[in-house]
Amino acid sequence: MVLTIAAAVFVFGLLVLVHELGHFVTAKLTGMRVDEFAIGFGPKLVSFVHGETTYSLRAVPLGGFNDIAGMDPSDNEAGERGYCEKSVGARMIVILAGSVMNFILPVFLIIGLGWLARWRGYFGDEAVDALMRYAQNIAAPILLGVSIYGMDLGTAFKPGLLFSFYIGAFSAFALGIIGARALGRPGPDAVAIGFACLFSNSLLLGVAITERAYGTAGLAGNFAIIAIHSPIMYSLGIVAMELTRSRGQNLPLHRLTRQIGRSILTQPLIIGILTGFA
């Protein structure tokens, strides 16, 4: 019983810490004056001052707060650095930052636990490689296939959404290749670096964060992007890589085309997506 209560207090305290940290960091970044950053309520147990902010740990670990100057316009002693004097956009960022941090916390906790387990040697290189192969070659393709099959993606294919997404994607691809070549990397390496720049993590992180924030009904946009993004971008990357590799080999066009097609159609994510559309 005591252990359960202690665990509940710890988890709640962690959620509050991350929530308040979101407010605190964005307040600082937008130039607001933060007079105190506190974890808990009640009497101070420990406190210290760094710069203009007092950091404190209080007796009751069931909450926390940020004392941001100027929250009350009639009592703003911070001048232009007060909350009330900042733009609407800056104030909205600060207000929303706490909730956003709570949405993404579970995802990054899982990532952090995985990193910790690997760092402490609980998983060896072979186990990590096996887990990655399972996630990329089995779990993710099945997730995509089942999700796309069960959704009405026709309503999610909004030109504005896709247009804005692909402007960034293609720009990142081109800039990645240009940057790699400018730094002296050979052609195949430059394409691989551009390919890495091309992919936003709309699957492994995007799906988890979107579902937590908006529920399963909010995933249609993610899967619409993934359904188009993965085939197009994998095809683009594979074509660029095969053309770079074949330079100077004088491969016949039909053989190069077959090689590119085989590389694309044997990619597990592509197979999962095509299965979902079947």
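The structure reproduced in this document is the subject of the present report. (Residues numbered from 1 in each chain as written. Predicted model: local features only at pLDDT ≥ 70, side-chain atom pairs only at ≥ 80, totals over all residues. Heavy atoms only, no water.)

## Examining a nonpolar patch on the surface
Taken together, the side chains of Val88, Met92, Ile95, Leu96 and Val100 define a hydrophobic patch exposed on the protein surface, amounting to about 440 Å² of accessible area. By the element assignment, Leu96 lies in helix α2 (residues 88–119). (Patch = residues over 30% accessible without salt bridge, like charges linked within 9 Å, V, L, I, M, F, W, Y side chains within 5 Å. Areas by Shrake-Rupley, 256 points an atom, 1.4 Å probe, with all protein chains shown as cover. Salt bridge = Lys/Arg side-chain N within 4 Å of Asp/Glu carboxyl O. Helix = DSSP H or I, 4+ residues; strand = E, 2+ residues; numbered from the N terminus.)

## Quick notes on the packing of aromatic side chains
If you walk through the whole model with that rule in mind, you get five aromatic pairs. Judged by centre distance (5.8 Å) and plane angle (75 degrees), the rings of Phe24 and Tyr55 are edge-to-face. Residue Phe24 is located in helix α1 (residues 2–29), and its partner Tyr55 is located in strand β2 (residues 53–68); the two are separated by 31 residues in the primary sequence. Here the two residues Phe24 and Tyr55 agree in accessibility, since each one is buried. Between Phe37 and Tyr55, the aromatic rings sit 6.3 Å apart at their centres with planes inclined by 65 degrees, giving edge-to-face as the arrangement. With Phe37 in strand β1 (residues 34–50) and Tyr55 in strand β2, the pair connects residues that are 18 residues apart, well separated along the chain. In this structure Tyr55 comes out as buried when scored by relative accessible area, which is 18%. An aromatic cluster is present here, built from Phe24, Phe37, Phe48 and Tyr55 joined pairwise through their rings. Above the face of the Trp119 ring, Arg120 is positioned so that its terminal group lies 5.4 Å from the ring centre. (Phe/Tyr/Trp six-rings, centres within 6.5 Å; stacked < 30°, edge-to-face > 60°. Buried < 20%, exposed > 50% of the residue type's maximum accessible area, 1.4 Å probe, protein only. Lys NZ or Arg CZ within 6 Å of the ring centre and 35° of its normal.)

## What about the side chain of Glu20?
You can see Glu20 is positioned in helix α1. Of the side chains with opposite charge, Arg58 lies nearest to the buried Glu20, which makes no salt bridge, at 11 Å. Of the polar contacts made by the side chain of Glu20, one reaches the side chain of Asn66; its length is 2.8 Å. If we skip the residues at most four places from it in the chain, Glu20 touches Phe37, Gly64, Phe65 and Asn66. (Lys, Arg positive; Asp, Glu negative; His and termini not counted. Polar contact = N/O pair within 3.5 Å; in protein donor to acceptor, adjacent residues only side chain to side chain. Contact = heavy atoms within 4.5 Å.)

## Remarks on the packing of helix α4 (residues 159–182) against helix α5 (residues 187–198)
Helix-helix packing: each pair is described by the crossing angle between the helix axes and the interaxial distance. Put simply, α4 and α5 touch, their axes get as near as 7 Å, and they point 150 degrees apart. Here α4 lies roughly antiparallel to α5, going by the angle between them. Note on packing geometry: the crossing formed by α4 with α5 is right-handed. Of α5, the residues touching α4 (which contributes Ala169, Phe170, Ala172, Phe173, Gly176, Ile177, Ala180 and Arg181) are Gly187, Ala190, Val191, Ile193, Gly194, Phe195, Cys197 and Leu198. (Axes fitted to C-alpha atoms, helices over the stretch in contact; angles between N-to-C directions. Parallel < 35°, antiparallel > 145°, perpendicular 65-115°, else oblique. Left-handed = near helix turned anticlockwise from the far one by under 90°.)

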